[in-house]
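An overview of the molecular structure
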Amino acid sequence: MGQAEDTPPSRRTTRGFARRTRRNLKLARQSFEIRGDFHVVTQLVNSLLGIVVVPWQCQKQEGEKDFESDIPMDLFKKGWPHWTFTGAEKERESQTLADLVGNLRIAAAHGHYDFSGASDCRLLNKVTIQVGIGPLGNSPWSYEIRGDKLYEFCINLSKFIEASQFESTT
């Protein structure tokens, strides 16, 4: 509101926090590509806080409906990366962006994620991230995505949030 186009929203706003998280994620990936000393997979999972958890909580508190404006299939047709859903609770399979982000929020906020791939691998395309409702060995449902696709998803979701009408403060 009232800011110049090149001035980012305040970090106290959901949009500003998501934008800064996206920038940090991009810088982490660039640092890894240049020097190889940054753990970009860890930063990617940490970024779920600023791109999934905080915006979800703020939009729910403010009664916003921004996450419900697209269904995942439409997003996938627009080039957003696809998540693989597994589990007996088919009603947990996402029908809207709100469903998907809400389920990701549960998993990220409660630390229910796991990695497959070589131990301590830092190559996003060689690591798969799995998230679920509970400890992953016992979770009734889970979502899975390759690291490079999660990176794309986070960048896209962050841009979606920034373009939305979020004005909530963190």
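Residues numbered from 1 in each chain as written. Predicted model: local features only at pLDDT ≥ 70, side-chain atom pairs only at ≥ 80, totals over all residues. Heavy atoms only, no water.

Some words on the overall build of the protein chain
Summing up its helical and strand segments, the protein chain has 5 helices and 4 strands in all. Taken from N to C terminus, the helices and strands of the protein chain fall in the order α-α-α-β-α-β-β-β-α. Counting the 170 residues in the protein chain, one finds 46% classified as buried. The contacts in the protein chain between residues at least 6 apart in sequence include a share of 64% that link residues at least 24 apart. Here the protein chain has roughly 9100 Å² of accessible surface; of this, 46% comes from carbon and sulfur atoms. (Helix = DSSP H or I, 4+ residues; strand = E, 2+ residues; numbered from the N terminus. Buried < 20%, exposed > 50% of the residue type's maximum accessible area, 1.4 Å probe, protein only. Contact = heavy atoms within 4.5 Å. Areas by Shrake-Rupley, 256 points an atom, 1.4 Å probe, with all protein chains shown as cover.)

Some thoughts on helix α1 (residues 14–35)
Note on helix geometry: an α-helix contains 3.6 residues per turn, so any two residues three or four positions apart are oriented the same way. Compared with the 32 Å implied by 1.5 Å per residue over 22 residues, the 31 Å span of α1 between its first and last C-alpha is a close match. For α1, the full list of buried residues reads Thr14, Arg15, Gly16, Ala18, Thr21, Arg22, Leu25, Ala28, Ser31 and Phe32. Just downstream of α1 lies Gly36, where phi reads positive at about 70 degrees. (Expected span 1.5 Å × (residues − 1).)

Focus on the packing of aromatic side chains
The geometry of an aromatic ring pair is captured by the separation of the ring centres together with the interplanar angle, meaning the angle of the planes. Counted by the stated rule, this structure contains 7 aromatic pairs. With 5.5 Å between their ring centres and 85 degrees between their planes, Trp80 and Phe153 make a pair best called edge-to-face. Within this pair, whereas Trp80 is found in the loop between α3 (72–77) and β1 (84–87), its partner Phe153 is found in helix α5 (residues 147–163), the two being separated by 73 residues in sequence. When the centroid spacing of 5.4 Å and the interplanar angle of 90 degrees are considered together, the rings of Trp83 and Phe153 count as edge-to-face. Taken together, the residues Trp83 in the loop between α3 and β1 and Phe153 in helix α5 connect sequence positions 70 residues apart. Side by side, Trp83 and Phe153 carry an identical accessibility label, which is buried. Cluster of aromatic residues (ring-pair linked, three or more members): Trp80, Trp83, Phe85, Trp141, Tyr143, Phe153 and Phe160. (Phe/Tyr/Trp six-rings, centres within 6.5 Å; stacked < 30°, edge-to-face > 60°.)

Side note on the confidence of the model for the protein chain
Per-residue pLDDT for the protein chain has a mean of 79; in total, 78% of the residues score no lower than 70. α5 holds the highest mean pLDDT among the elements of the protein chain, 90, whereas α3 holds the lowest, 77. The low-confidence segment residues 1–5 (pLDDT under 50) makes 4 contacts with residues lying over four places distant or belonging to another chain. (pLDDT = per-residue confidence, 0-100.)

Some words on the sheet that holds strand β4 (residues 141–146)
Strand order in the open sheet made by the 4 strands is β1-β4-β3-β2, with antiparallel pairing throughout. Looking at strand neighbours, the two that pair on one side only are β1 and β2 (113–116), the edges of this open sheet. Taken pair by pair, the neighbouring strands of this sheet meet at an average axis angle of 25 degrees, ignoring direction. Pairing geometry for β2 and strand β3 (residues 128–132), over 4 bridges, is antiparallel. The residue of β3 that forms the bridge with Phe115 is Ile129. (Pairing = 2+ DSSP bridges. Axes fitted to C-alpha atoms, helices over the stretch in contact; angles between N-to-C directions.)

A few points about the pairing of β3
In the case of a regular strand, side chains alternate between the two sheet surfaces. Extensive coverage of β3 is indicated by the burial of 4 of its 5 residues. Note: β3 against β4, 5 bridges, orientation antiparallel. Its bridge partner being in β4, Ile129 is matched across the sheet by Ile145.

Quick look at the nonpolar core
Counting residues in each nonpolar core, the largest one holds 39 residues, and the members touching the most others are Leu44, Trp80, Trp83, Leu150, Phe153 and Leu157. Of all the elements in the fold, those that place two or more residues in this core are α1, α2 (40–62), α3, α4 (97–109), β3, β4 and α5. Once you skip the residues sitting within four places of it in the chain, Leu44 turns out to touch Leu25, Leu124, Ile129, Gly147, Leu150, Tyr151 and Cys154. (Core = buried A, V, L, I, M, F, W, Y, C linked by side-chain atoms within 4.5 Å.)

A closer look at the packing of α1 against α5
Axis separation between α1 and α5 bottoms out at 9 Å; the angle between their running directions is 150 degrees. Considering the angle they form, α1 stands roughly antiparallel to α5. Here α1 and α5 pass one another in a crossing that is left-handed. The residues of α5 that touch α1, namely those facing Thr14, Arg15, Ala18, Arg19, Arg22, Leu25, Lys26 and Arg29, are Tyr151, Cys154, Ile155, Ser158, Lys159, Ile161 and Glu162. In terms of residue class, the contact of α1 with α5 is built from 6 nonpolar, 2 polar and 7 charged. (Parallel < 35°, antiparallel > 145°, perpendicular 65-115°, else oblique. Left-handed = near helix turned anticlockwise from the far one by under 90°. Nonpolar A, V, L, I, M, F, W, Y, C, P; charged D, E, K, R; others polar.)

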